[in-house]
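Spelled out, the chains give:
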Amino acid sequence: MAAHTEHAAHTHDHGKDCGHTAVPHGDHTDYAHDGHMHKIHGEHVDECEPQGHHVHDGHAHQHGEDCGHLAVAHGDHTDYAHDGHRHAAHAGHWDDH
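Peer 1: Lay out the packing of aromatic side chains in plain terms, naming residues and giving numbers.
Peer 2: Under the definition given, this model contains 1 aromatic pair. For the pair Tyr80 and Trp94, a centre-to-centre distance of 6.3 Å together with 85° between the ring planes defines the contact as edge-to-face. Of the two residues, Tyr80 sits in strand E7 (residues 77–82) while Trp94 sits in strand E9 (residues 93–96), which places them 14 residues apart along the sequence. Comparing Tyr80 with Trp94, the two get one shared label, buried.

Peer 1: Lay out the side chain of Arg86 with the relevant residues and their values.
Peer 2: Within the secondary structure, Arg86 is located in strand E8 (residues 85–90). In terms of polar contacts, Arg86 uses its side chain to reach the side chain of His25, at 3.5 Å. Side-chain polar atoms of Arg86 contact the side chain of Asp79, separated by 2.9 Å.

Peer 1: A description of the pairing of strand E3 (residues 28–33) should follow, citing residues and the corresponding values.
Peer 2: As a general feature of sheets, a regular strand has side chains that alternate between the two faces. As judged from the 5 bridges shared by strand E2 (residues 21–25) and E3, these two strands associate in the antiparallel manner. Its bridge partner being in E3, Ala22 is matched across the sheet by Tyr31. Turn length for the E2-E3 hairpin, with the two strands adjacent in sequence and antiparallel, is 2 residues, and the turn residue Gly26 shows positive phi of about 60°. The hairpin formed by E3 and strand E4 (residues 36–41) contains 2 residues between the paired strands, and Asp34 there has a positive phi angle of roughly 55°.

Peer 1: Can you break down the pattern of salt bridges residue by residue, with the values?
Peer 2: Enumeration over the complete set of coordinates arrives at 2 salt bridges. For Asp30, the salt bridge identified is with Arg86, shortest N-O distance 2.6 Å. Placement of the pair is Asp30 in strand E3 and Arg86 in strand E8, with a sequence separation of 56 residues. Taking the relative accessible area as the measure of exposure, Asp30 reaches 0% and is therefore buried. Notably, a salt bridge pairs Arg86 with Asp79, separated by 2.9 Å at the nearest N-O pair. Accessibility expressed as a relative area gives 0% for Arg86, which makes it buried. The class of Asp79 is buried, set by a relative accessible area of 0%.

Peer 1: Explain the nonpolar core to me, using residue names and the numbers behind them.
Peer 2: Listed in full, the 6 residues of the largest apolar core are Val23, Ala32, Met37, Cys48, Val72 and Ala81. Beyond its immediate chain neighbours, meaning those up to four positions away, Val72 contacts Thr21, Val23, Ala32, Met37, His77, Thr78 and Asp79.

Peer 1: For the sheet that holds E7, give the residues involved together with the corresponding values.
Peer 2: Pairing is antiparallel across the open sheet formed by 4 strands, whose spatial order is E6-E7-E8-E9. Where the open sheet ends on each side, the last strands, each with one partner, are strand E6 (70–74) and E9. Direction aside, the axes of adjacent strands within the sheet are offset by 40° on average.

Reading the values: the criteria
Within each chain, residue numbers correspond to sequence positions counted from 1 in written order. It should be noted that, the model being predicted, local features are given only for residues of pLDDT at least 70 and side-chain atom pairs only at 80 or more, the latter also being counted only at that level, while totals for whole chains, interfaces and linings use all residues. Side-chain measures were taken over the full set of non-hydrogen atoms in the model, leaving aside hydrogen atoms and water. By convention, a stacked pair of Phe, Tyr or Trp rings (six-membered ring in the case of Trp) has centres within 6.5 Å and planes under 30 degrees apart, an edge-to-face pair has planes over 60 apart, and any other such pair is tilted. Helix numbering and strand numbering both begin at the N terminus, where a helix is a DSSP run of H or I of at least 4 residues and a strand a DSSP run of E of at least 2. In this scheme, a residue with accessible area under 20% of its type's maximum is buried, one over 50% is exposed, and one in between is partly exposed, where area comes from a 1.4 Å probe on protein chains only. As used in this structure description, the phrase polar contact means that two N or O atoms lie within 3.5 Å; if the pair is within protein, one of them must be able to donate a hydrogen and the other to accept it, and residues adjacent in sequence are counted only when both atoms belong to side chains. Strands were regarded as paired on the criterion that DSSP finds at least two bridges between them. By convention in these notes, a salt bridge is any Lys or Arg side-chain nitrogen within 4 Å of a carboxyl oxygen on Asp or Glu. Think of a nonpolar core as a cluster: buried Ala, Val, Leu, Ile, Met, Phe, Trp, Tyr and Cys residues, connected wherever their side-chain atoms sit within 4.5 Å. When checking whether two residues touch, look at their non-hydrogen atoms; a contact exists if any pair is within 4.5 Å. The convention used is that axes are lines fitted to C-alpha atoms, helices contributing only their stretch in contact, and that angles between N-to-C directions extend from 0 to 180 degrees.

As structure tokens, this is what we get:
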């Protein structure tokens, strides 16, 4: 679960045609912006980052170039949007982000 961490001094309005990659994430949409994920929350924007380590069990699909899922730069790695969440490679398995 992501913490409610407001992205201070964020003057950009995310939405359709804002220029950032929109990524479906559970019950909302994240926007990839400068290596992190933003989500609209009321009248402000929150950072949408996982808290803790969440292994995606039973994920046999290997993400990578041409895997068919949206690749999104996220910090020092790439997330792959898959079934309403993001997957990230970690120590031989996939994590939910």
